[in-house]
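# Structural characterization, general
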Amino acid sequence: MRAEQRPSVLKVARPKCGDTLFNDHPSLASPGSPASGPSSRTDSVVANHRVAEVVRSFPLPAQSSGYFYCAKHCGLLGGRVSEKRGEWRAAESASKMMPTPVILLKEGTDSSQGIPQLVSNISACQVIAEAVRTTLGPRGMDKLIVDGRGKATISNDGATILKLLDVVHPAAKTLVDIAKSQDAEVGDGTTSVTLLAAEFLKQVKPYVEEGLHPQIIIRAFRTATQLAVNKIKEIAVTVKKADKVEQRKLLEKCAMTALSSKLISQQKAFFAKMVVDAVMMLDDLLQLKMIGIKKVQGGALEDSQLVAGVAFKKTFSYAGFEMQPKKYHNPKIALLNVELELKAEKDNAEIRVHTVEDYQAIVDAEWNILYDKLEKIHHSGAKVVLSKLPIGDVATQYFADRDMFCAGRVPEEDLKRTMMACGGSIQTSVNALSADVLGRCQVFEETQIGGERYNFFTGCPKAKTCTFILRGGAEQFMEETERSLHDAIMIVRRAIKNDSVVAGGGAIEMELSKYLRDYSRTIPGKQQLLIGAYAKALEIIPRQLCDNAGFDATNILNKLRARHAQEEPCIHLPGSIR
């Protein structure tokens, strides 16, 4: 390979990092020519380029040398020359040297950071709050939501609305999770926590835009939260468990407050008593799954009833079912997971027989297996037979002839609730039906409710349980009634467990706002402004209650501030207890 064929190509030995490349450097001399002095620098040579830049942009093999070409004005082209064949391979060209980008995230990933992203997250949370803002309070409006399948839902429950919204923004999803957690833990107040969280962010938004560090904001908010919790404990009213009459009155007030903002607010006194009765029937664990809610279309809301026991809808039945008795006193109950009918052959099953006697033997064996199961159930002494699997027409007629009641295809949830209430256990075989595995109740009865027939188990000795039978018109209306009762039940359970309540209707928020605002004036620095912002954010609850009721929020809040400043902490909007 001759150097004169490539006059503009310079052989560069691999220098040390940090050296400066000049054309008078011995390693930059052309092949076969002596090194030139400092005065013979030309425009075709790389001048004043750091070796670190060269090595970073154009790495060479560790044990080889390469050739670099520098055009006028230091436009650098990198390449490697095959010394065996003498052909040039272009590797990279650039008008000026730039570091190679390092790609860690997949293409299209948004990695925005800093203050603009914080402000964007706050704005997204405020949009979520706007969706549920108008549903707060007794004068709040209901939302009609239609999902992708065309199903319509009418509700003013914050958690239900946010679940149905297909939120994709990651920061906004946090508010949805807050509402879900509140619904699971407390049962009510889902709209309130969403509004409070969004208002806290709204009040600190100006400070974020001014560059205040988030850690300072968080530190101030934690201080304010601790002060607020201590103040709540100070002014809370304890539920007197020893005085049952007083406790029941307070629990009914809590239930009515939870129902006052629901679709059934006009019947809140009627349902509040039912809810308190239902919760008081439970044992000390207050298990929510021991309260069943069944919906029967037709009739008025006042036709709803509370059954002190287990009730479930009559299942599919065969001929002979009407011959069975429909009421028993102190019956034994068999709970089965056994199929009591002639089983059909499996697909492509084939049995080859040569005589009629062989075929008759197979049929007789099949019938004998079924009758053997039925006889064992009858001899166990059970009068009511419930099975998760089908009970055929032969078994139905068999039980009817012996004055026994049977129901097949019972939903698993109802079967388990019957087991927990009446005792016994669910059996997968009939070979061990002893008295220990049979349940008992005082009265079993099948009753007609509207257009449906229901099975009632009352006087259950093992566990205390109850069932709501809801009546009403449209399906959406009954579903909202069920959600409303669920919230009221959760609130009453919470009041029994925590045995303390505070005034509602915006009273506790106004008192905390006054307390924190007074405290903020006693401390210096940025925390004074941040705790003041926290105090102002608490006023969103009474303000929104006024807006939803059509009142002048500014005028009402001014009056509330004045009354709270006169040491009257229980002054609130229309009376309620939380």
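Residues numbered from 1 in each chain as written. Predicted model: local features only at pLDDT ≥ 70, side-chain atom pairs only at ≥ 80, totals over all residues. Heavy atoms only, no water.

## A look at the pairing of strand E14 (residues 332-336)
For E14, a buried count of 4 out of 5 residues is recorded, marking the element as mostly surrounded by other parts of the structure. As judged from the 2 bridges shared by E14 and strand E17 (residues 439-440), these two strands associate in the antiparallel manner. Bridging across to E17, lysine 332 finds its partner in arginine 440. (Buried < 20%, exposed > 50% of the residue type's maximum accessible area, 1.4 Å probe, protein only. Helix = DSSP H or I, 4+ residues; strand = E, 2+ residues; numbered from the N terminus. Pairing = 2+ DSSP bridges.)

## Regarding helix H8 (residues 268-281)
For H8, built from 14 residues, the straight-helix expectation of 20 Å at 1.5 Å per residue is met to within 8% by its first-to-last C-alpha distance of 20 Å. Of all the positions in H8, only Phe271, Ala272, Met274, Val275, Val276, Ala278 and Val279 are classed as buried. Looking at the buried residues of H8, the elements they touch are helix H7 (244-259), strand E10 (291-297), strand E11 (305-307), strand E20 (466-472) and helix H12 (475-498). (Expected span 1.5 Å × (residues − 1). Contact = heavy atoms within 4.5 Å.)

## Side note on the nonpolar core
Ranked by size, the top nonpolar core spans 48 residues in total, and within it Phe200, Ile217, Leu516, Tyr534 and Leu538 carry the most contacts. Put simply, the parts of the chain that give this core at least two residues each are helix H2 (115-132), helix H3 (158-164), helix H4 (170-185), helix H5 (190-209), helix H6 (214-235), helix H13 (507-520), helix H14 (526-538) and helix H15 (540-549). Among the elements that take part in this core, H5 stands out by supplying 8 residues, more than any other. Here leucine 516 is in contact with Ala224, Leu227, Ile531, Tyr534, Ala535 and Leu538, once residues within four sequence places are set aside. Of all hydrophobic cores here, the second largest spans 33 residues; its members include Val239, Ala278, Leu286 and Ala495. (Core = buried A, V, L, I, M, F, W, Y, C linked by side-chain atoms within 4.5 Å.)

## Considering the packing of H5 against H15
Interaxial distance between H5 and H15 falls to 10 Å at its minimum, and their mutual angle equals 115°. Helix-helix and strand crossings are classified by hand; for H5 and H15 the assignment is right-handed. Along its contact with H5, which presents Ser192, Leu195, Leu196 and Glu199, the element H15 presents Ile540, Ile541 and Gln544. Among the residues making up the contact of H5 with H15, the classes are represented as 4 nonpolar, 2 polar and 1 charged. (Axes fitted to C-alpha atoms, helices over the stretch in contact; angles between N-to-C directions. Left-handed = near helix turned anticlockwise from the far one by under 90°. Nonpolar A, V, L, I, M, F, W, Y, C, P; charged D, E, K, R; others polar.)

## A word on a nonpolar patch on the surface
A cluster of nonpolar side chains, contributed by Ile351, Val353, Tyr359 and Ile362, occupies part of the molecular surface with about 390 Å² of accessible area. Within the element layout of this structure, isoleucine 351 appears in the loop between E14 and helix H9 (356-379). (Patch = residues over 30% accessible without salt bridge, like charges linked within 9 Å, V, L, I, M, F, W, Y side chains within 5 Å. Areas by Shrake-Rupley, 256 points an atom, 1.4 Å probe, with all protein chains shown as cover. Salt bridge = Lys/Arg side-chain N within 4 Å of Asp/Glu carboxyl O.)

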